[in-house]
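Okay, here's what each chain looks like letter by letter:
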Amino acid sequence: MDVVDEAIVVHFHEEIVADILSRLPVRSLLRFKCVTKFWETLISKPYFKTKHLNHAKNGQNSQKFLICQKCPKDRIFSFYSCPLSSVQLVEDVQKLDCPSNSKPLRCAIHCCYDGLAIITVCDKIVDETPILLLWNPSTRESIVLQHPQFLPEEFSSLGLAYDSISGDYKILIIHNFDYNHGYQRPSEILALKSGLWRETDKHPCGIQYVLSGMHSLAFAHEAFHWIGKTKTNYLLVSFTISSEVYGEIPLPEEICLMRNINIGVSVLDGMLCVYSTYESHQEEGTFKLWVMKDYSVKESWIALFTIVDPEIYIAVPKYRFSDGELLFWCIHYQCGTNVFRTSREPSVLWPRGGHQNGFAFTENLISPKLLT
Amino acid sequence: MASTTETKQKKMLILKSADNDEFEIEESVGVQSETIKNLVEDGFTFVPLPNVYTKALIKIIDYLKKHANKTDSNDEEIKTFDKDFVNTTFDDLFELVSAANYLHISCLMNMLCQTIADRIKDKSPEAVRKIFHINCDYTPEEEAKIRKANAQAFEGQFDESLD
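Residues numbered from 1 in each chain as written. Chains lettered and ligands numbered in written order. Predicted model: local features only at pLDDT ≥ 70, side-chain atom pairs only at ≥ 80, totals over all residues. Heavy atoms only, no water.

## Brief notes about the layout of surface pockets
The gaps of empty space that remain are located by a probe, the size of a water molecule, rolled over the atoms.
Residue and element names in this part refer to chain A.
Step number 1: Quantified by volume, the second largest pocket comes out at close to 1,200 Å³.
Step number 2: Going through the elements one at a time, strand S1 (63–70), strand S4 (106–113), strand S5 (116–122), strand S8 (156–163), strand S19 (262–268), strand S24 (326–332) and strand S26 (354–362) are the ones with two or more residues in the lining of the second largest pocket.
Step number 3: The element that contributes the greatest number of residues to the lining of the second largest pocket is S4, accounting for five residues.
Step number 4: Looking at the lining of the second largest pocket residue by residue, the class counts come to 23 nonpolar, 15 polar and four charged. (1 Å grid on protein atoms, 1.4 Å probe; cavity = no way out; pocket = protein on both sides within 12 Å on 5 of 7 lines; lining within 4 Å. Points joined across faces, edges and corners; volume = space filled by probe spheres on them. Helix = DSSP H or I, 4+ residues; strand = E, 2+ residues; numbered from the N terminus. Nonpolar A, V, L, I, M, F, W, Y, C, P; charged D, E, K, R; others polar.)

Rendered as structure tokens:
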């Protein structure tokens with residue numbers, strides 16, 4: 001800097017600087033840490049990170065999609081972050097380095113909440129226990145989590161959420177009912193600050209859990225949700241994050257009458273939604289989605305839409321764009337590969353590939369290291 | 001709301017800037033500022049603003065007048081006004097943001113902070129320093145360390161312009 005005109009030097013209060021900077025993308029903030037020590041300190045403060053997250057939650061440009069995919073050539077997994085500001089996923093894609101290992105041979109994203117993801121990474125295909133990580137893909141920071149008693153398998157589901165009562169993030173892992181042994185493996189919960197996994201109480205009514213392994217647990221109204229089954233019916237199981245109380249929510253009648261179906265539950269715009277893929281009478285693949293307008297009120301399930309597409313074997317909604325269009329992850333019948341598409345456009349948004357999955361997340365600065 | 005105030009006799013306020021210029025405005029226009037509102041509630045009709053200079057105050061009074069007459073039908077007109085309002089230099093924006101902060105006008109604060117953020121987000125740290133008139137207080141070693149720790153944020157080209 002040469003000569004600074006003193007009259008125009010603006011001595012901002014921290015409050016004003018925080019207000020301006022909290023509206024910036026994470027990438028800009030990481031870069032602006034080197035503007036001055038004052039900014040670096042501010043950007044690292046917990047209150048600033050919370051303020052930034054609150055802006056980011058409402059900002060179109062802060063919504064990103066995290067994709068994990070195996071490269072067919074070298075069979076190595078990679079992570080990508082794509083903007084969700086438009087349906088064109090492949091524009092402005094960033095390739096992310098895998099935390100802890102640059103060339104993993106097995107990888108999975110289990111869930112995303114706020115801007116944090118739970119992933120498992122493994123160097124070898126066999127004979128190796130994968131490591132479980134809590135990762136912020138925006139800042140690339142991660143921590144290794146302790147193993148639960150039962151590691152996530154193909155038909156397990158995880159959920160991550162913030163418990164506002166204890167002021168702590170919690171992770172819940174549940175497993176599919178083991179039909180071979182007639183056994184329900186116990187669910188476990190990890191409060192990050194405690195650092196220890198703990199078995200939760202069993203479901204009081206002995207409901208079997210029906211998990212396809214393609215969903216994370218749906219978090220809404222301070223509770224995790226997943227699909228359960230009694231002897232006669234499917235239903236939604238809820239589990240409150242702070243008091244760990246089980247509840248049951250009835251599903252739309254139509255779902256309960258279907259046969260040979262895949263059911264899932266997710267959260268779109270803060271509302272629970274359930275969906276099923278089934279073969280209609282013409283043997284066409286049909287996907288139907290309902291949202292629950294008023295939480296826990298059976299009558300408020302509303303069928304949002306139906307897609308008939310013989311290609312679809314299983315579909316999972318991932319994100320609702322501001323114009324109402326939905327982003328889906330599907331497995332196709334014919335080729336068996338999974339693809340991303342939207343509700344209106346059957347065309348594939350992302351190059352096909354094996355073992356791919358993705359989750360929407362909000363870019364933020366929350367540091368996994370500071371949550372434990 | 002607007003019609004009831006118009007039928008009554010309009011209450012007026014006098015605002016005095018840091019450079020001692022006085023401006024008469026309607027109370028209903030002024031109370032969009034929380035700071036002015038609190039003083040009016042305490043019975044003041046003469047409001048000295050020792051932190052707000054005339055140049056910024058004129059623009060802010062313009063803004064308050066425009067926004068006091070917000071109706072369903074002039075939505076587009078106000079949008080155009082706001083767009084023109086923020087189409088100015090960084091130094092002007094900084095003066096306005098300091099004034100809006102002092103006056104506690106939250107919608108204006110929002111608009112100004114968002115405008116500044118949008119205009120700096122793709123810039124280089126060097127350009128941002130110049131824009132904010134900040135002298136770098138890092139040693140070259142310290143700065144190199146921060147750049148290294150956040151290497152991915154420094155990949156690519158950045159906007160070096162100062163406007």
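## Side note on unusual backbone geometry
Step number 1: At Asp269(A), a residue that is not glycine, the phi angle is positive and equals roughly 50°.
Step number 2: With respect to the element layout, Asp269(A) can be found in the loop between S19 and strand S20 (271–279).
Step number 3: Phi angles above zero are rare outside glycine, and His133(B) is one such case at about 55°.
Step number 4: By the element assignment, His133(B) lies in the loop between helix H8 (125–131) and helix H9 (140–149).

## Re the UniProt feature "domain: SKP1 component dimerisation" (unreviewed entry) in chain B
Step number 1: Taking the numbering used here, the UniProt-annotated feature "domain: SKP1 component dimerisation" (unreviewed entry) corresponds to residues 108–153 of chain B.
Step number 2: When the span residues 108–153 of chain B is considered, its composition is 65% helix and 0% strand, and the gap between its end C-alpha atoms is 30 Å. (UniProt positions renumbered as here; feature names shortened; annotations may be inferred.)

## Examining the side chain of Asp114(A)
Residue and element names in this part refer to chain A.
Step number 1: Looking at the element boundaries, Asp114 is found in the loop between S4 and S5.
Step number 2: Of note is the side chain of Asp114, whose polar atom sits 3.0 Å from the side chain of Tyr169.
Step number 3: Every residue in contact with Asp114, bar those within four places of it in the chain, is listed here: Leu53, Lys57, Tyr169, Phe361, Thr362 and Asn364. (Polar contact = N/O pair within 3.5 Å; in protein donor to acceptor, adjacent residues only side chain to side chain. Contact = heavy atoms within 4.5 Å.)

## Details of the pairing of strand S18 (residues 246–250) of chain A
All names here are of chain A.
Step number 1: Inspection of the sheet shows strand S17 (residues 234–240) paired to S18 by five bridges, in the antiparallel sense. Residue Phe239 lies in a different strand from S18, and its bridge partner there is Tyr246.
Step number 2: The hairpin turn running from S17 into S18, its antiparallel successor, is five residues long, and Glu244 in that turn takes a positive phi close to 55°. (Pairing = 2+ DSSP bridges.)

## Here's the deal with the nonpolar core
Step number 1: Membership of the largest hydrophobic core comes to 58 residues, with the highest contact counts inside it found for Leu21(A), Trp39(A), Phe85(B), Leu108(B), Leu112(B) and Phe132(B).
Step number 2: Those residues within four positions of Leu112(B) in sequence are excluded, and the remaining contacts are Phe85(B), Val86(B), Leu93(B), Leu96(B), Val97(B) and Ala100(B).
Step number 3: Residues Ile67(A), Ile307(A), Tyr319(A) and Ile331(A) belong to the second largest nonpolar core, which totals 28 residues. (Core = buried A, V, L, I, M, F, W, Y, C linked by side-chain atoms within 4.5 Å. Buried < 20%, exposed > 50% of the residue type's maximum accessible area, 1.4 Å probe, protein only.)

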